[in-house]
Amino acid sequence: MAPVLDVSNLGIRFGGLQALDDFNIQVAGREIVGLIGPNGAGKTTVFNLLTNVYHPSGGGIKLTGLDTRGKPTHQVTRHGIARTFQNIRLFKSLSVIDNVKIALHNSMNYSVLAACLRLFSYWKQEKAAEKTALELLSMFDMEGSAEAPAGSLPYGAQRRLEIVRALATNPKVLLLDEPAAGMNPSETAELMRTIHDVRDKFGVSIILIEHDMSLVMGICERILVLNYGLIIAQGTPDEIRNNPLVIEAYLGSRKEA
Ligand SMILES: Nc1ncnc2c1ncn2[C@@H]1O[C@H](COP(=O)(O)OP(=O)(O)OP(=O)(O)O)[C@@H](O)[C@H]1O
Ligand SMILES: [Mg+2]
């Protein structure tokens, strides 16, 4: 089976800093892959490259066989890659359901003219969007907060809403950047179950950046370790846990969570 995501020799320099070098990864359908490493290792940079927020100095990315090089981020999203951010990015004063509907609009096809004229096709799609948004929210036990301002949700729920918004774009690959950051242990345990459910229900592949080792080790089938922009190890959670290079990279860094 061809990989859903096939990344070869990806790299980027920022001035004198080689933030990522010779990065390779193939992700199969429905796989959950962990991406770990100390602060500044290049993890978020990988996501920024995969979504063309940054343009690589070299290398290639194929998403379900399509070469995404040079394509704008919104097109890459449409082709099936969605992400959450290390710092929560929601429309905090808008309602929870409107946050989801805005993300859903990405995959809708009514024209701006239809929207302005409030044509039947527009209303039909709006109704469908409402229904889909509520269905998505209910999978995360959030339908009861649909009308609340997103900014009023507890922190863990805001993180979950980010995942709902990413799923609303109907991705094949979901990139999660530290989804458990700032969560307490019970929220983190709940999130682990949610991520598993998301994979099972939506059939997506997931790349998970996370400092919380219990989360990473608990749900990833495979883990890649970055340090100073280079993959220093990859393998199963057990292999990674016992890898001396990984232990050294983490002990050598004073800043990791
Ligand atoms: N736009 C940019 N311009 C210059 N340097 C950058 C830029 N983006 C990232 N970097 C640098 O690239 C390196 C990797 O950053 P990145 O954000 O990918 O790290 P990270 O592994 O996600 O770290 P953390 O765990 O702290 O989130 C860092 O040294 C960072 O300062
Ligand atoms: Mg980061």
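Rules and cut-offs
Residues numbered from 1 in each chain as written. Chains lettered and ligands numbered in written order. Predicted model: local features only at pLDDT ≥ 70, side-chain atom pairs only at ≥ 80, totals over all residues. Domains from an automatic or database assignment. Contact = placed C-beta atoms within 7 Å. Helix = DSSP H or I, 4+ residues; strand = E, 2+ residues; numbered from the N terminus. Nonpolar A, V, L, I, M, F, W, Y, C, P; charged D, E, K, R; others polar. Near = placed C-beta within 6 Å. Pairing = 2+ DSSP bridges. Axes fitted to C-alpha atoms, helices over the stretch in contact; angles between N-to-C directions.

### Some words on the domain arrangement of the protein
Argument step 1. Each domain of the protein was delimited in the assignment, giving domain 1 (5-80 + 171-252) and domain 2 (91-157).
Argument step 2. Using only C-alpha atoms to locate each centre, domain 1 and domain 2 end up separated by 28 Å.
Argument step 3. If you look at the interface, domain 1 gives seven residues, while domain 2 gives five residues.
Argument step 4. Those elements giving two or more residues to the side of domain 1 that touches domain 2 turn out to be α2 (73-78) and α7 (185-202).
Argument step 5. Top element by residues in the side of domain 1 that touches domain 2 is α7. It accounts for three residues.
Argument step 6. When grouped by side-chain class, the residues that make up the side of domain 1 that touches domain 2 number one nonpolar, three polar and three charged.

### Looking at the site of ligand 1
Argument step 1. Neighbouring residues of ligand 1: F14, L17, A19, G37, N39, G40, A41, G42, K43, T44, T45 and Q86.
Argument step 2. Residue assignment for the shell around ligand 1 shows that the elements contributing at least two residues are β2 (17-27) and α1 (43-50).
Argument step 3. Along the lines of polarity and charge, the residues of the shell around ligand 1 split into four nonpolar, seven polar and one charged.

### With respect to the sheet that holds strand β8 (residues 205-209)
By way of backbone hydrogen bonds, the strands of a sheet pair with one another, either parallel or antiparallel.
Argument step 1. Pairing is mixed across the open sheet formed by six strands, whose spatial order is β6-β7-β8-β3-β9-β10. Both edges of this open sheet fall to β6 (81-83) and β10 (230-235), since each of them pairs with a single strand only. Pairs of neighbouring strands in the sheet enclose a mean axial angle of 20°, with direction left out of account.
Argument step 2. Pairing geometry for β6 and strand β7 (residues 173-177), over three bridges, is parallel. If you follow R83 over to β7, its bridge partner there is L175.

### Observations concerning the sheet that holds β2
Argument step 1. If you walk across this open sheet you meet the four strands as β2-β1-β4-β5, and the pairing is antiparallel. Edge positions in the sheet fall to β2 and β5 (66-67), since each has one partner strand and no second.
Argument step 2. In terms of strand pairing, strand β1 (residues 5-14) meets β2 through seven bridges, oriented antiparallel. When the sheet's bridge partners are listed, V7 is paired in β2 with I25.

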